[in-house]
Amino acid sequence: GKTSCTIQLKDKEIHIDPFNIPVGSGILTADASFHREHWVPVEFVINTKARGKGRSQGVQAYYPLPYVDFDGIFTADITITGNKTGAHVAGDVLFHKLTVTPGALIEPLETVRADYPYRLTTDLRFKTGRDVVFYLPDKKNRIVEAVVNPEETLLLKADTLSQVLILNGVLTLKTGEINYF
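As the structure is a prediction and not an experimental result, all values here were calculated from the model. (Residues numbered from 1 in each chain as written. Predicted model: local features only at pLDDT ≥ 70, side-chain atom pairs only at ≥ 80, totals over all residues. Heavy atoms only, no water.)

Quick look at the overall build of the protein chain now. From N to C terminus, the protein chain includes zero helices and 12 strands. Principal axes of the C-alpha set define a box for the protein chain whose edges measure 70 × 45 × 25 Å. A burial count over the protein chain gives 27% of its 181 residues as buried. Restricting to contacts in the protein chain with at least 6 residues of sequence separation, those with at least 24 account for 54%. A total of about 12400 Å² of accessible surface is found on the protein chain, and carbon and sulfur atoms cover 59% of it. Between the centroid of the 20 positive side chains of the protein chain and the centroid of its 21 negative side chains there is a distance of 6 Å. (Helix = DSSP H or I, 4+ residues; strand = E, 2+ residues; numbered from the N terminus. Buried < 20%, exposed > 50% of the residue type's maximum accessible area, 1.4 Å probe, protein only. Contact = heavy atoms within 4.5 Å. Areas by Shrake-Rupley, 256 points an atom, 1.4 Å probe, with all protein chains shown as cover. Lys, Arg positive; Asp, Glu negative; His and termini not counted. Charge placed at Lys NZ, Arg CZ, Asp CG, Glu CD.)

Listed below in C-alpha cells is the structure:
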C-alpha cells in the first residue's frame, strides 16, 4: 500500500514524523530523527511499532535463518539508535502466533571483517503468546509437535565486533506429541 510522511529540516536536525506502512493485515509505524554535520547524518534514532489493524493480532512475518524458519504474527516496539561508529537495536517483540520448523541450509553471511569497525549490538526481548508451536522435522511430517506456554521470555543480546551472540531464557512446553511409526 501507499504511505506518506512529513520530513522537517531545522538547523542540523532532520525529523521524520510518524508514518504508517501497511504489511499484510498489520501495520508498521515509524518515526526518526537524525543529527547531521555537513548534510551527513552522525547520530540517529528510529522508533518502530508493529501492530495489528482491525481484527488482526499483528504483523505477519516469515524469516528463514540457517537451519530454522520462523513464520508467525507479532507486535513489537523497537528503537534503533546509532552514530558514525555503530548502532544499537533494542525493544520488545510479542509473538502472538509462531511456527518454528527446521529450515534449509542457507549459506551464512560473511563474518564481520576486522577492518570494518561499524558495530551493531542488540538487546531484544521476545515474548510468547498463546499459539507458539515447534515442529520437527517439519509441519507436514510431524514427528515432534510442541506447544510453548504463553508469557515465556527469551532475551537476545548480540555484538558484531566481539562476535558474541547470547540467547537466554526458558521455554516451558504446555503440551506436545511425539509421533513415531
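Okay, back to it.
Relative to strand β3 (residues 26-37), strand β2 (residues 13-23) runs antiparallel, the two being bridged by nine bridges. Note on β3: the bridge partner recorded for Ile16 is Ala32. Between β2 and β3, which pair antiparallel one after the other, the connecting turn spans two residues, and Gly24 there sits at a positive phi close to 55 degrees. Pairing analysis gives 12 bridges linking β3 to strand β4 (residues 40-52), with the strands arranged antiparallel. In the strand pairing of β4, Ser33 is matched with Val45. A loop of two residues connects β3 with β4, the two strands running antiparallel in sequence, and His38 in this loop sits at a positive phi of about 55 degrees. (Pairing = 2+ DSSP bridges.)

On to the packing of aromatic side chains, then. A full pass over the atoms with the stated rule returns three aromatic pairs. On the basis of an interplanar angle of 35 degrees and a centroid distance of 6.3 Å, the ring pair of Phe34 and Phe44 is categorised as tilted. Pair noted here: Phe34 is in strand β3 and Phe44 is in strand β4, with a separation of 10 residues, a long-range link. The exposure class of Phe34 is buried, given its relative accessible area of 18%. (Phe/Tyr/Trp six-rings, centres within 6.5 Å; stacked < 30°, edge-to-face > 60°.)

Across 15 bridges, strand β6 (residues 68-83) lies against strand β7 (residues 86-102) in antiparallel orientation. Residue pairing for β7: Phe74 is matched across the bridge by Phe95. The antiparallel pairing of β6 with β7 creates a hairpin that spans two residues between the two strands. Pairing geometry for β7 and strand β8 (residues 119-137), over 14 bridges, is parallel. In the strand pairing of β8, Ala90 is matched with Asp123.

Before going further, it helps to examine the side chain of Arg36. Looking at the element boundaries, Arg36 is found in strand β3. As a buried residue without a salt bridge, Arg36 has its nearest oppositely charged side chain in Glu13, at a separation of 7.2 Å. A polar side-chain atom of Arg36 sits 3.1 Å from the main-chain carbonyl oxygen of Glu13. Those residues in contact with Arg36 that lie beyond four places of it in its chain are Leu9, Asp11, Lys12, Glu13, Ile14, Pro41 and Val42. (Salt bridge = Lys/Arg side-chain N within 4 Å of Asp/Glu carboxyl O. Polar contact = N/O pair within 3.5 Å; in protein donor to acceptor, adjacent residues only side chain to side chain.)

The residue Thr128 is located in strand β8 in this model. Judged by relative accessible area, Thr128 falls into the buried class, the value being 7%. Within the local environment of Thr128, its side chain forms a polar contact with the backbone oxygen of Asn149, the two atoms lying 2.8 Å apart.

Okay, the pattern of salt bridges next. Applying the stated rule across the entire model yields seven salt bridges. In this structure, Asp77 and Arg51 form a salt bridge, with 2.9 Å as the shortest nitrogen-oxygen distance. With Asp77 in strand β6 and Arg51 in strand β4, this pair connects stretches of sequence that are 26 residues apart. Residue Asp77 is classed as partly exposed on the basis of its relative accessible area of 31%. When its relative accessible area of 32% is taken as the criterion, Arg51 is described as partly exposed. Between Glu151 and Lys127 there is a salt bridge, and its shortest N-O distance comes to 3.2 Å. Of the two residues, Glu151 is situated in the loop between β9 (142-148) and β10 (153-159) and Lys127 in strand β8; the sequence distance between them amounts to 24 residues. Judged by relative accessible area, which is 54%, Glu151 ranks as exposed.

Distances and angles like these do not, on their own, reveal function.
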